[in-house]
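# Observations on chain architecture
The residues making up each chain are set out below.
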Amino acid sequence: GLETGATWQYRTDGGTWATGTGTSFTLGAGSHSYEVRQTDKAGNVSAASSASTFVLDTAVATPALVLATDSGSSSTDGITNVSTVNVTGLESGATWQYSLDGGSTWLTGSGSSFNLTPGTNTYVVRQTDAAGNTSLPSTGVNFTLDTAVLAPVMTLAADTGTNTTDGVTSNATVNVSGLETGATWEYRTDGGAW
């Protein structure tokens, strides 16, 4: 809306008028109100435009991932039987994506959580804010979703006596096999307490 041959000025947050050049000026970082006015060749000064507020946002923080529940024998090992992962540090109005292969492929997230894929994967997350800035991917985190375990097997260390398969023995040792690495186990006698 500049007249031919006119000069123009702008100001930020109701401050001092600055002389403009060409047909644009650069926003200051953050949220500010701006006004413009022009002076035509005859020296007439226009009224100031209505103040408009613009937000210059050039960066967005990297979100983070945390298991809703790190179940099992350790609460910090990333091995769980609960599939929910919470995404923290999301900006209001941002969209976000997560990856289960360390950032090679991305899936669109919704809300503030997603579900793990069975097995062990390296998960990362990133967000794009309302201004269009995309964060760096988060540091890769290894999570293991394990929702099943096989029953272990008991065998006598030695089935002594005249019949080697009758379960009658003079050796009190029972061997337990089929245990997963890192698993804990229990036993009970005659259906009693574990």
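What counts and how
- Throughout this document, residue positions are counted from 1 along each chain, in the order its sequence is written.
- Only residues with pLDDT of at least 70 get local features here, since the model is predicted, and only at 80 or more are side-chain atom pairs given and counted; chain-wide, interface and lining totals rely on the full set of residues.
- Only hydrogens and water are removed before side-chain values are computed, so all heavy atoms of the structure are retained for them.
- Comment: elements are numbered from the N terminus, with helices defined as DSSP H or I runs of at least four residues and strands as E runs of at least two.
- Computation of the radius of gyration draws on C-alpha atoms alone. For the globule rule, the value is 2.2 Å times the number of residues to the power 0.38.
- Summary of the burial criterion: residues with accessible area below 20% of their type's maximum are buried, those above 50% are exposed, and those between are partly exposed, where the area comes from a 1.4 Å probe applied to protein chains only.
- Every residue pair with non-hydrogen atoms within 4.5 Å of one another is taken to be in contact.
- Note on areas: Shrake-Rupley with a 1.4 Å probe; residue coverage comes only from the protein chains shown.
- Only four residue types enter the charge count, namely Lys and Arg as positive and Asp and Glu as negative; His and the chain termini do not.
- The atoms used to mark charge sites are NZ of Lys, CZ of Arg, CG of Asp and CD of Glu.
- Buried residues of nine kinds, namely Ala, Val, Leu, Ile, Met, Phe, Trp, Tyr and Cys, make up a nonpolar core once their side-chain atoms join them within 4.5 Å.
- When DSSP locates at least two bridges between a pair of strands, those strands are taken to pair.

In terms of regular secondary structure, the chain is built from 0 helices and 14 strands. In terms of overall size, the chain is more extended than a compact globule, its C-alpha atoms giving a radius of gyration of 34 Å where 194 residues would be expected to give roughly 16 Å. Taken along its principal axes, the extent of the C-alpha atoms in the chain is 125 × 30 × 20 Å. Evaluated residue by residue, the chain yields a buried proportion of 20% over its 194 residues. Taking contacts inside the chain between residues at least 6 apart in sequence as the whole, the part at least 24 apart equals 43%. For the chain, the accessible area works out to roughly 12,600 Å², and carbon and sulfur atoms hold 51% of it. Computing the positive centroid from 5 side-chain charges and the negative centroid from 16, the chain places the two 26 Å apart.

We now examine the nonpolar core. Generally speaking, soluble globular proteins have nonpolar side chains that are buried together. Core analysis: the largest hydrophobic core is formed by 12 residues, namely L65, L67, V85, V87, W96, Y98, F114, L116, Y123, V125, F143 and L145. At the level of secondary structure, the elements contributing two or more residues to this core comprise β5 (64-67), β7 (84-88), β8 (95-99), β11 (119-128) and β12 (141-145). Among all residues touching L65, those that are not within four sequence positions of it are V85, N86, V87, F114, Y123, V124, V125, S138 and F143.

Further remarks concern the sheet that holds strand β1 (residues 7-12). Taken in spatial order, the 4 strands of this open sheet run β2-β1-β3-β4, and their pairing is antiparallel. Of all the strands in the sheet, just β2 (18-19) and β4 (52-56) have a single pairing partner and so form its edges. Examined bridge by bridge, β1 and β2 share 2 bridges and lie antiparallel to one another. Across the sheet, Q9 pairs through a bridge with T19, a residue of β2.

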